[in-house]
Amino acid sequence: MFASLLSLALVALPLVSAAAAPKPGIILIGDSTVATGAGWGPGFCKDTTGLATCTDLAVSGTTVISWQHQPTEYNAFLKACTVPNTFATIQFGHNDQKIYNTTVYGANLNTFAKLVKAKGCTPVIITSLARRNFKSAHVPDDILEPYAQEAISVANALKLTYLDLHQASLTYITKLGSTLSYEFNLDGTDHTHLDPMGQAYFGRMVADLLIAKLPTLKSFIVPNATMTKAEANGTL
Ligand SMILES: *[C@@H]1O[C@H](CO)[C@@H](O)[C@H](O)[C@H]1NC(C)=O
Ligand SMILES: *[C@@H]1O[C@H](CO)[C@@H](O)[C@H](O)[C@H]1NC(C)=O
């Protein structure tokens, strides 16, 4: 019995290892709008299944530059990128926008994306989640737009995949209007960060944008047709 099991294993093992491509992994790099606590990262990872990893390495308050000075997350990123088939999403802008003009931001993002690739990960650029600030009930204030456009330019220049979360989230909150959009607020007046419901909705939005651009990841995303449809229709 043992002998026959053993010979079976010996026969089966090379076949299995030859057929199994490394499972993809995803690490999330960014600011508070991605981070655990008040970003879409936790909602996104809940939508995944069967990945080698889904790890949120985003840090609140960071820019493209200052994130690289967070030793814990930076070292975790370096380690993760040694594993084949690991994707690294990169979403900044909210804090960069307070310090750098779009030219400097673009240059910083370009340098960092090249570094991420050199370290072994496949970079995926994500444009900044829209702030839920409204000039009127249905017109969101869109001061992040030039930074989103700059991120897309960087992705195109480096021939990288990008997800236009800025446009998708802006379109969605515009359809929802201010009152319903504020249901995602972390507290009454925080129109940037996300409560658990906002984390789920924008995590789903990123998951849907990701598999639209990278269909090979589709089997690693658990669908929720109800939420996907609600986001397309501009309802909750
Ligand atoms: C952007 O900022 C940099 C550094 O402060 C400056 O040299 C450059 O002229 C600025 N570019 C524009 C278009 O304002
Ligand atoms: C799908 O999303 C809806 C909200 O749109 C939620 O109520 C439901 O629990 C979700 N289903 C799953 C399986 O996550």
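The structure we're discussing is the one just above.
Quick caveat, the model's predicted, so the values are computed rather than measured.

Q: Quick question: what am I supposed to make of the pattern of salt bridges here?
A: Between side chains of opposite charge, a pair can form when the charged atoms approach closely. This model, assessed by the stated rule, comprises one salt bridge. One salt bridge connects Asp-47 with Arg-204, and the closest N-O pair in it is separated by 3.0 Å. Here the residue Asp-47 occupies a position in the loop between α2 (41-46) and β2 (54-56), and Arg-204 occupies one in helix α9 (residues 196-213), the gap between them amounting to 157 residues. Here Asp-47 and Arg-204 have matching classes, each one buried.

Q: Would you explain the packing of α9 against helix α10 (residues 225-233) in this entry?
A: Angle between the axes and distance between the axes are the two parameters that describe a pair of packed helices. Two elements in contact, α9 and α10, have axes separated by 10 Å at closest approach and are oriented at 90°. Our classification of the angle between α9 and α10 gives roughly perpendicular. Residues Ala-200, Tyr-201, Phe-202, Arg-204, Met-205 and Asp-208 of α9 lie in contact with α10, whose contacting residues are Met-227, Thr-228 and Glu-231. Looking at the contact of α9 with α10 residue by residue, the classes come out as five nonpolar, one polar and three charged.

Q: Honestly, the site of ligand 2 in this entry has me stumped. Any pointers?
A: Inspection of the region around ligand 2 gives Tyr-201, Asn-224 and Met-227 as its neighbouring residues. In this structure, Tyr-201 approaches ligand 2 through a side-chain N or O atom, which is 3.5 Å from an oxygen atom. With respect to ligand 2, the side chain of Asn-224 contributes an N or O atom lying 2.4 Å from an oxygen atom. Look at ligand 2: alone it shows 360 Å² of surface, and the protein chains cover 37% of it.

Q: Any chance you could explain the state of the cysteines here in plain terms?
A: Cysteine pairs can be covalently joined through their sulfur atoms, and such a bond is termed a disulfide. With the rule as written, the count across this model stands at two disulfides. Assigning the bonded cysteines of the protein consecutive numbers by sequence position, one obtains the connectivity 1-2, 3-4.

Q: Help me out: how do you make sense of the nonpolar core in this one?
A: The nonpolar side chains of a soluble globular protein tend to be buried, and buried together. In this structure, Trp-40, Phe-44, Phe-202 and Leu-210 are the most contacted members of the largest nonpolar core, which totals 36 residues. Counting residues per element, this core draws most heavily on α9, which supplies seven residues. Here Leu-210 is in contact with Ile-26, Phe-44, Val-124, Leu-163 and Leu-217, once residues within four sequence places are set aside. Core analysis: the second largest hydrophobic core is formed by 25 residues, Ile-29, Val-59, Ala-80 and Phe-112 among them.

Calculation criteria
- Residues numbered from 1 in each chain as written.
- Chains lettered and ligands numbered in written order.
- Predicted model: local features only at pLDDT ≥ 70, side-chain atom pairs only at ≥ 80, totals over all residues.
- Heavy atoms only, no water.
- Salt bridge = Lys/Arg side-chain N within 4 Å of Asp/Glu carboxyl O.
- Helix = DSSP H or I, 4+ residues; strand = E, 2+ residues; numbered from the N terminus.
- Buried < 20%, exposed > 50% of the residue type's maximum accessible area, 1.4 Å probe, protein only.
- Axes fitted to C-alpha atoms, helices over the stretch in contact; angles between N-to-C directions.
- Parallel < 35°, antiparallel > 145°, perpendicular 65-115°, else oblique.
- Contact = heavy atoms within 4.5 Å.
- Nonpolar A, V, L, I, M, F, W, Y, C, P; charged D, E, K, R; others polar.
- Near = heavy atom within 4 Å.
- Polar contact = N/O pair within 3.5 Å; in protein donor to acceptor, adjacent residues only side chain to side chain.
- Areas by Shrake-Rupley, 256 points an atom, 1.4 Å probe, with all protein chains shown as cover.
- Disulfide = S-S within 2.5 Å.
- Core = buried A, V, L, I, M, F, W, Y, C linked by side-chain atoms within 4.5 Å.

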